[in-house]
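What follows is the residue order along each chain.
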Amino acid sequence: MKRLVLAIVVALSAIGAQAQECDSLVNVCYEYLAPSKSDGKVFISDGQVYKAFVDAEQSAEFKVTLYGGSLYRIATTAGTKDDYVIFNVYDQERNLLFSNADEDNHPYWDFKIDNTLDCYVEAYLDIDKKVSGCLVVLIGFNK
Amino acid sequence: MKILLKYFCLSSITLALASCGGDGVDVDVEQPDDSEIIVIQDSELDSASALNASINGKMFSIPSPIQMATMIKDNVSSFNEEMLTDPENVANFTTEFKRAINMGIYGADLGYATIYENNTKAVSYLSSVEKLSDELGISGAFDQDLLERFIENGNDQDSMLVIMSEGYREGDRFLKDNEEHDVATLILTGGWIESLYFAALSYEETQSQDVANRIGEQKTALKTIIELLNDYNNDEYYSSLIEDLTDLQTDFKLIEFNYTYIDPIHDSANHRTTIKSKSSVKMEGDVLNDIITKIKNIRNGLIG
């Protein structure tokens with residue numbers, strides 16, 4: 001019985017720690033949308049925070065509609081260093097539009113959209129730098 | 001082989017602004033080849049496989065009402081108060097469904113008023129959002145401090161929008177952390193419906209092709225919202241709304257989208273990529289008129 005209680009306590013503690021880690025990383029990631037991290041532009045969040053606790057060999061993906069005539073910023077974080085996360089952006093036909101792996105895992109990138117399109121954003125940890133943890137992705141648009 | 005966390009966390013609230021409850025991850029699908037990815041495009045949004053996941057749910061994106069309001073202002077320069085709801089109606093919303101839906105609707109109205117720099121109106125909506133938030137038991141989101149900061153930044157629209165989004169983000173975080181995904185989904189839905197209502201009325205006023213296109217481009221968002229509502233409709237409280245939105249979807253299914261890939265242009269120095277791909281929306285006038293009529297009916301039924 002004691003073992004069971006101990007296991008539950010440990011499990012709950014782990015879950016709590018993960019949630020806490022994710023929450024703090026969301027705040028870090030929001031900084032990338034703020035003017036201080038850019039050329040003075042403010043990026044307004046699309047209203048959604050994408051976060052997941054991932055291990056090596058896992059990725060997260062979501063679909064997003066990017067509207068023509070808009071400027072977006074996709075920002076990521078997974079910890080204290082800026083280059084833990086690799087993210088790829090694909091169009092609806094799975095053509096790769098961008099990968100920050102080609103840009104030294106830069107934590108955020110801006111996308112100027114000429115015409116509206118549906119995209120898939122895939123994000124995962126660069127296992128050379130971090131093997132597990134919370135991963136956060138944000139999208140903001142410049143008004 | 002990479003495992004796809006297909007349904008990350010549903011975070012939502014449009015206007016929002018949201019935040020996900022966090023830990024919402026469903027590790028369930030392998031991604032061995034392109035053909036399976038194509039299947040994911042269809043099945044990922046399938047309600048049967050979505051939020052019944054053991055954790056939080058799927059990742060999706062719903063366009064922000066702020067973005068819709070910004071686009072509308074590009075086409076309609078004058079503030080149209082008649083388009084908005086009455087911020088004094090809070091007392092009329094006595095059920096959780098009505099409170100949550102109208103918290104989303106008020107959020108869109110708040111965004112619209114802020115974009116049009118009608119700060120007096122914006123503060124009225126923010127006060128109403130605060131009341132609804134309180135009645136829904138959402139803590140740590142819309143409080144007096146946030147309201148004061150919103151007012152203090154009355155001459156800085158960007159700051160006002162950020163503060164507003166902060167409130168919705170914290171609200172969403174609270175709801176997700178407390179497993180109240182249904183309420184979060186309703187807030188999101190209300191915001192989306194109100195922003196589509198703005199677009200509908202703006203099109204009637206301007207006949208703008210830009211606005212018409214933006215309405216047509218909501219097809220994906222509508223599909224996602226219907227699936228989310230179905231996921232949380234265990235008690236069938238949302239059946240009527242789902243039915244209305246499904247009827248609306250029949251018109252959206254008649255819209256034709258064309259897409260042509262063009263190589264993007266990367267600008268490493270400025271951390272920017274320009275997406276050059278071409279796309280177009282083709283929709284008959286009757287279809288657009290039907291959509292406008294239906295969205296007006298749906299929205300007006302929700303604010304009463």
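Please read all numbers here as calculations on a predicted model, not as lab measurements.

Draft legend 1. Representation of the overall build of chain A in the model. Helix and strand content of chain A: 1 helix and 8 strands. Seen in sequence order, chain A has helices and strands lined up from the N terminus as α-β-β-β-β-β-β-β-β. A fraction of 78% describes how many contacts in chain A between residues 6 or more apart in sequence connect residues 24 or more apart.

Draft legend 2. Fine view of the overall build of chain B. Helix and strand counts for chain B come out as 11 helices and 6 strands. Across the 304 residues of chain B, 51% fall into the buried class. When contacts within chain B are restricted to residue pairs at least 6 apart in sequence, long-range pairs at least 24 apart make up 73% of them.

Draft legend 3. Fine view of the packing of helix 3 (residues 96-115) of chain B against helix 4 (residues 119-135) of chain B. Residue and element names in this part refer to chain B. Contact pair helix 3 / helix 4: the axes reach a minimum separation of 9 Å and the direction vectors enclose 160°. Here helix 3 is positioned roughly antiparallel relative to helix 4, judged by the angle of their axes. Like other packed secondary-structure pairs, helix 3 and helix 4 cross with a definite hand, here left-handed. Of helix 4, the residues touching helix 3 (which contributes Arg 99, Asn 102, Met 103, Tyr 106, Gly 107, Asp 109, Leu 110, Ala 113 and Thr 114) are Lys 121, Ala 122, Tyr 125, Leu 126, Ser 128, Val 129, Leu 132, Ser 133 and Glu 135. Here the contact of helix 3 with helix 4 is built from residues that sort into 9 nonpolar, 5 polar and 4 charged.

Draft legend 4. How the structure looks around the confidence of the model for chain B. All names here are of chain B. Mean pLDDT over chain B: 81, with 79% of residues reaching 70 or higher. Within the model, the stretch residues 6-58 combines pLDDT values under 50 with 177 contacts to residues more than four positions away or in other chains. Predicted as a complex, the structure gets a pTM of 0.81 and an ipTM equal to 0.89.

Draft legend 5. Local environment of unusual backbone geometry. Even without being a glycine, Gln 207 of chain B presents a positive backbone phi close to 55°. Take Gln 207 of chain B: it is sitting in the loop between helix 7 (181-206) and helix 8 (209-216).

Draft legend 6. Summary view of the pairing of strand 4 (residues 85-91) of chain A. All names here are of chain A. Among the 7 residues that make up strand 4, 5 are buried, leaving the element largely enclosed by the rest of the structure. Of the strand pairs in this sheet, strand 4 and strand 7 (residues 117-125) are connected by 7 bridges, and their pairing is antiparallel. Within strand 7, the residue paired with Val 85 across the bridge is Leu 125. Taken together, the 3 bridges between strand 4 and strand 5 (residues 96-99) define a ladder with antiparallel strand orientation. Of the residues in strand 5, the one forming a bridge with Tyr 90 is Leu 96. Two successive antiparallel strands, strand 4 and strand 5, enclose a turn made up of 4 residues, where Arg 94 displays a positive phi of approximately 70°.

Draft legend 7. Up close: helix 7 of chain B. Residues and elements named next belong to chain B. Taking 1.5 Å of rise per residue, the 26 residues of helix 7 would be expected to cover 38 Å, and the 37 Å separating its terminal C-alpha atoms lies within 8% of that figure. The element helix 7 is extensively covered by neighbouring structure, given that 23 of its 26 residues are classed as buried. Positive phi shows up at Gln 207, right after helix 7, with a value of about 55°.

Draft legend 8. Representation of the packing of helix 6 (residues 157-177) of chain B against helix 7 of chain B. All names here are of chain B. Interhelical geometry of helix 6 versus helix 7 gives an angle of 150° and a closest axis separation of 7 Å. By the angle class used here, helix 6 and helix 7 are roughly antiparallel. Touching Asp 172, Leu 175 and Lys 176 of helix 6 are His 181, Val 183 and Ala 184, all from helix 7. Residues that form the contact of helix 6 with helix 7 fall into these classes: 3 nonpolar, 1 polar and 2 charged.

Draft legend 9. Geometry of the environment of Asp 172 of chain B. Residue and element names in this part refer to chain B. Residue placement: Asp 172 occurs in helix 6. Note on Asp 172: 32 C-beta atoms within 10 Å, which makes it buried. The sequence separation of Asp 172 and Asp 182 amounts to 10 residues, and the corresponding C-alpha distance is 11 Å.

Draft legend 10. Region of interest: the environment of Asp 126 of chain A. Residue and element names in this part refer to chain A. Topologically, Asp 126 is positioned in the loop between strand 7 and strand 8 (132-142). Given 17 C-beta atoms within a 10 Å radius, Asp 126 is considered partly exposed. For the pair Asp 126 and Ile 74, spaced 52 residues apart in the sequence, the C-alpha separation amounts to 17 Å. If near-sequence neighbours (up to four positions away) are discounted, Asp 126 is found in contact with Asp 83, Tyr 84, Val 85, Ile 86 and Asn 105.

Draft legend 11. Summary view of the nonpolar core. Judged by nonpolar contacts, the single largest core of 118 residues is most densely connected at Ile 74, Val 121, Leu 135, Val 136 and Leu 138 of chain A together with Ala 199 and Ala 200 of chain B. Ranked by residue count, the leading element in this core is helix 7 of chain B, at 14 residues. In this structure, Leu 135 of chain A is in contact with Lys 51, Ala 52, Val 54, Ala 60, Ala 78, Val 85, Ala 123 and Leu 125 of chain A, ignoring residues within four places of it in sequence.

Draft legend 12. Representation of the environment of Val 211 of chain B within the structure. Residue and element names in this part refer to chain B. Structurally, the position occupied by Val 211 is in helix 8. Considered as a pair, Val 211 and Gly 191 are 20 residues apart in the sequence and their alpha carbons are 18 Å apart. Sequence-distant contacts of Val 211, defined by excluding residues within four places in its chain, comprise Ile 72, Asn 75, Ala 199, Ser 202, Tyr 203 and Thr 206.

Draft legend 13. Geometry of the confidence of the model for chain A. On average, residues of chain A score 85 in pLDDT, and 83% of them are at 70 or above. Taking the mean pLDDT of every element in chain A, the minimum, 69, falls on helix 1 (residues 2-30) of chain A and the maximum, 98, on strand 5 of chain A.

Cut-off values and rules
Residues numbered from 1 in each chain as written. Chains lettered and ligands numbered in written order. Predicted model: local features only at pLDDT ≥ 70, side-chain atom pairs only at ≥ 80, totals over all residues. Helix = DSSP H or I, 4+ residues; strand = E, 2+ residues; numbered from the N terminus. Contact = placed C-beta atoms within 7 Å. Buried ≥ 20, exposed ≤ 12 C-beta atoms within 10 Å, placed from the backbone. Axes fitted to C-alpha atoms, helices over the stretch in contact; angles between N-to-C directions. Parallel < 35°, antiparallel > 145°, perpendicular 65-115°, else oblique. Left-handed = near helix turned anticlockwise from the far one by under 90°. Nonpolar A, V, L, I, M, F, W, Y, C, P; charged D, E, K, R; others polar. pLDDT = per-residue confidence, 0-100. Pairing = 2+ DSSP bridges. Expected span 1.5 Å × (residues − 1). Core = buried A, V, L, I, M, F, W, Y, C linked by C-beta atoms within 7 Å.

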